Amino acid sequence: MEQNNRSGSRASWGRIGAAACAGAIAAIALGAAKPAEGGPPGGGLPPGGVPAALQRLADEAEIEKLTYCYAEATDTIGRGDLEGGRALYQKCFTPNAVVAAYYPGDDPNGPPSLTSGPSEWADVAQNEFVTAGYVSTQHLNGNVVVKVQGNTGTMKTYLQATHVLEPNSAVEVAHGWYDDIVVRTPHGWKIAKRTLHLQTFLRLESP
């Protein structure tokens, strides 16, 4: 008799546990069906079939890659491959993008010292590097902050750039940041405007 009571108790608890699990799964499903804040009204998925939160994360990741694309392009030119760098710039920018630069000491509220399109910017970079006598460059990016609003967005990136004059004795180091306006295109996110703000540009030599 005692054994039957124990068996009955185990069966009862098993039914309760199964019901609890089923309830939890239903609650999770209902929660997943609720629209995220700013998502499509009435729940469900947006037109692209991807939840809004996941789409935002995907957009931010794709946009962040653009600043690394730019660094790779610039350092490709720094290694002497002008056309390779120009081709990479075309992957980073819209065809009619604007690239502008403020140098140390420029009035931040005034016009930039330099403005060009992305293809011309490759020539500007090469001219700067060759004239200065650099044998290579390295652009490091960090503190990337991306904000997306529909099909447009902004990105801010901190910059540290090393320009090598003599590998064992002399470099020129720049610090600053980029302010970008980005847009979604049929070919993915692209930079529509990049503004470089240089804070310092220093020559460092070994003793």
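Residues numbered from 1 in each chain as written. Predicted model: local features only at pLDDT ≥ 70, side-chain atom pairs only at ≥ 80, totals over all residues. Heavy atoms only, no water.

Undergrad: What am I meant to see in the packing of aromatic side chains here?
TA: Ring pairs (aromatic) are described by centroid distance and by the angle formed between their planes. Taken as a whole and judged by the stated rule, the model has five aromatic pairs. Aromatic side chains Tyr 70 and Phe 93 sit 6.1 Å apart centroid to centroid with 80 degrees between the ring planes, which places their arrangement in the edge-to-face category. Of this pair, Tyr 70 sits in helix 2 (residues 52–78) while Phe 93 is found in strand 1 (residues 93–102), placing the two residues 23 residues apart along the sequence. Here the two residues Tyr 70 and Phe 93 agree in accessibility, since each one is buried. Its end group placed over the ring of Tyr 70, Arg 194 keeps NZ or CZ at 4.5 Å from the ring centre. The ring of Tyr 178 is capped by Arg 194, whose NZ or CZ atom sits 3.8 Å from the centre of that ring. (Phe/Tyr/Trp six-rings, centres within 6.5 Å; stacked < 30°, edge-to-face > 60°. Helix = DSSP H or I, 4+ residues; strand = E, 2+ residues; numbered from the N terminus. Buried < 20%, exposed > 50% of the residue type's maximum accessible area, 1.4 Å probe, protein only. Lys NZ or Arg CZ within 6 Å of the ring centre and 35° of its normal.)

Undergrad: When you look at the state of the cysteines in this model, what are you seeing that I'm missing?
TA: In a disulfide, the sulfur atoms of two cysteines are covalently bonded to one another. A complete count under the given rule lists one disulfide for this structure. Across the disulfide from Cys 69 sits Cys 92; the S-S distance is 2.1 Å. Linking Cys 69 and Cys 92, the disulfide has an S-S dihedral of approximately -90 degrees and is accordingly described as left-handed. With a gap of 23 residues between them, Cys 69 in helix 2 and Cys 92 in helix 3 (residues 82–92) connect regions that are remote in the sequence. Given a relative accessible area of 13%, Cys 69 falls into the buried group. (Disulfide = S-S within 2.5 Å.)

Undergrad: For this particular structure, what's the right way to read the packing of helix 2 against helix 3?
TA: Relative placement of two packed helices is described by the angle separating their axes and the distance separating the axes. Contact pair helix 2 / helix 3: the axes reach a minimum separation of 7 Å and the direction vectors enclose 165 degrees. One element, helix 2, and the other, helix 3, form an angle in the roughly antiparallel class. The way helix 2 lies across helix 3 gives a crossing that is left-handed. Together, Leu 66, Cys 69, Tyr 70, Glu 72, Ala 73, Thr 74, Thr 76 and Ile 77 of helix 2 and Leu 82, Gly 84, Gly 85, Leu 88, Tyr 89, Lys 91 and Cys 92 of helix 3 make up the contact between the two elements. Here the residues of the contact of helix 2 with helix 3 sort into nine nonpolar, four polar and two charged. (Axes fitted to C-alpha atoms, helices over the stretch in contact; angles between N-to-C directions. Parallel < 35°, antiparallel > 145°, perpendicular 65-115°, else oblique. Left-handed = near helix turned anticlockwise from the far one by under 90°. Contact = heavy atoms within 4.5 Å. Nonpolar A, V, L, I, M, F, W, Y, C, P; charged D, E, K, R; others polar.)

Undergrad: Would you explain the environment of Gly 142 in this entry?
TA: For Gly 142, the position within the fold is in strand 3 (residues 136–149). Excluding residues within four positions of it along the chain, Gly 142 makes contact with Thr 157 and Tyr 158.

Undergrad: Hey, could you run me through the pairing of strand 3 in this one?
TA: Sheet faces and side chains relate simply in a regular strand, where the side chains alternate between the two faces. Relative to strand 4 (residues 152–166), strand 3 runs antiparallel, the two being bridged by 12 bridges. Across the sheet, the residue bridging to Leu 140 is Gln 160, located in strand 4. Linking strand 3 back to strand 4 in an antiparallel pair, the connection comprises two residues, with Gly 150 at a positive phi of about 70 degrees. (Pairing = 2+ DSSP bridges.)

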